[in-house]
Amino acid sequence: MARGVNKHIIVGNVVRRPDVGLTKGDVAVCTLTVACSEHGPNGDEVEFFDCIVFGNSAKFCGDYLDKGRCVYVEGRGRQRKFTDKNGNDRVKYEIKAFKVEALGSARSDNQSQGSYGGQSQGGGYGSYNSAGSDEEAPF
């Protein structure tokens, strides 16, 4: 049987401050929503993507991303089934990110930039690639 490809690449702006917490196993987890717009025949069209990030890259998102920040997100799409607070079964489509990069300049004054678990990539942005090392940040 042939194997499929499930890879999503998103470049857009963070909609609201990322929400960072811990799983039951004390692994950092972050949820963020990214808005991507493109010009269509009826004007700008905006798509919103819910992303979930784990480990050091979740910490990176909490430290460096804020509302309005331009980001590059690479990951795979997945459907997550859950029961809402009213007992209804729900399905949510989200991007499980394995690479997150902050692009451009931060909107806040003098916000430091860097990377978690890898090399700083220059060009005025920081990144984290979960395929990299699990070492702590050098700062």
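Residues numbered from 1 in each chain as written. Predicted model: local features only at pLDDT ≥ 70, side-chain atom pairs only at ≥ 80, totals over all residues. Heavy atoms only, no water.

*Asks:* Could you clarify how one ought to interpret unusual backbone geometry in this entry?
*Replies:* Comment: phi is negative for the bulk of residues other than glycine, and the bulk of peptide bonds are trans. You will see that D26, though not glycine, has its phi angle at about 60°, which is positive. Mapping D26 onto the fold places it in the loop between β2 (19-22) and β3 (28-40). (Helix = DSSP H or I, 4+ residues; strand = E, 2+ residues; numbered from the N terminus.)

*Asks:* Can you walk me through a negative patch on the surface in this structure?
*Replies:* Side chains of E38, D44, E45 and E47 sit close together on the surface and give a patch of like negative charge. Ranked by the residues each element gives to the negative patch, the list is headed by strand β4 (residues 43-54), at 3 residues. Among the secondary structure elements, E45 is positioned in strand β4. Given a relative accessible area of 36%, E45 falls into the partly exposed group. (Patch = residues over 30% accessible without salt bridge, like charges linked within 9 Å, V, L, I, M, F, W, Y side chains within 5 Å. Areas by Shrake-Rupley, 256 points an atom, 1.4 Å probe, with all protein chains shown as cover. Salt bridge = Lys/Arg side-chain N within 4 Å of Asp/Glu carboxyl O. Lys, Arg positive; Asp, Glu negative; His and termini not counted. Charge placed at Lys NZ, Arg CZ, Asp CG, Glu CD. Buried < 20%, exposed > 50% of the residue type's maximum accessible area, 1.4 Å probe, protein only.)

*Asks:* Even after reading the chapter, I still don't get the side chain of R69, so can you show me in this structure?
*Replies:* Looking at where R69 falls in the secondary structure, it is placed in the loop between α1 (56-64) and β5 (70-83). Summary of buried charges: R69 has no salt-bridge partner, and the nearest side chain of opposite charge, D66, is 8.5 Å away. Within the local environment of R69, its side chain forms a polar contact with the backbone oxygen of Y64, the two atoms lying 3.2 Å apart. Separated by 3.5 Å, the side chain of R69 and the backbone oxygen of L103 make a polar contact. (Polar contact = N/O pair within 3.5 Å; in protein donor to acceptor, adjacent residues only side chain to side chain.)

Keep in mind these values describe shape, not function.
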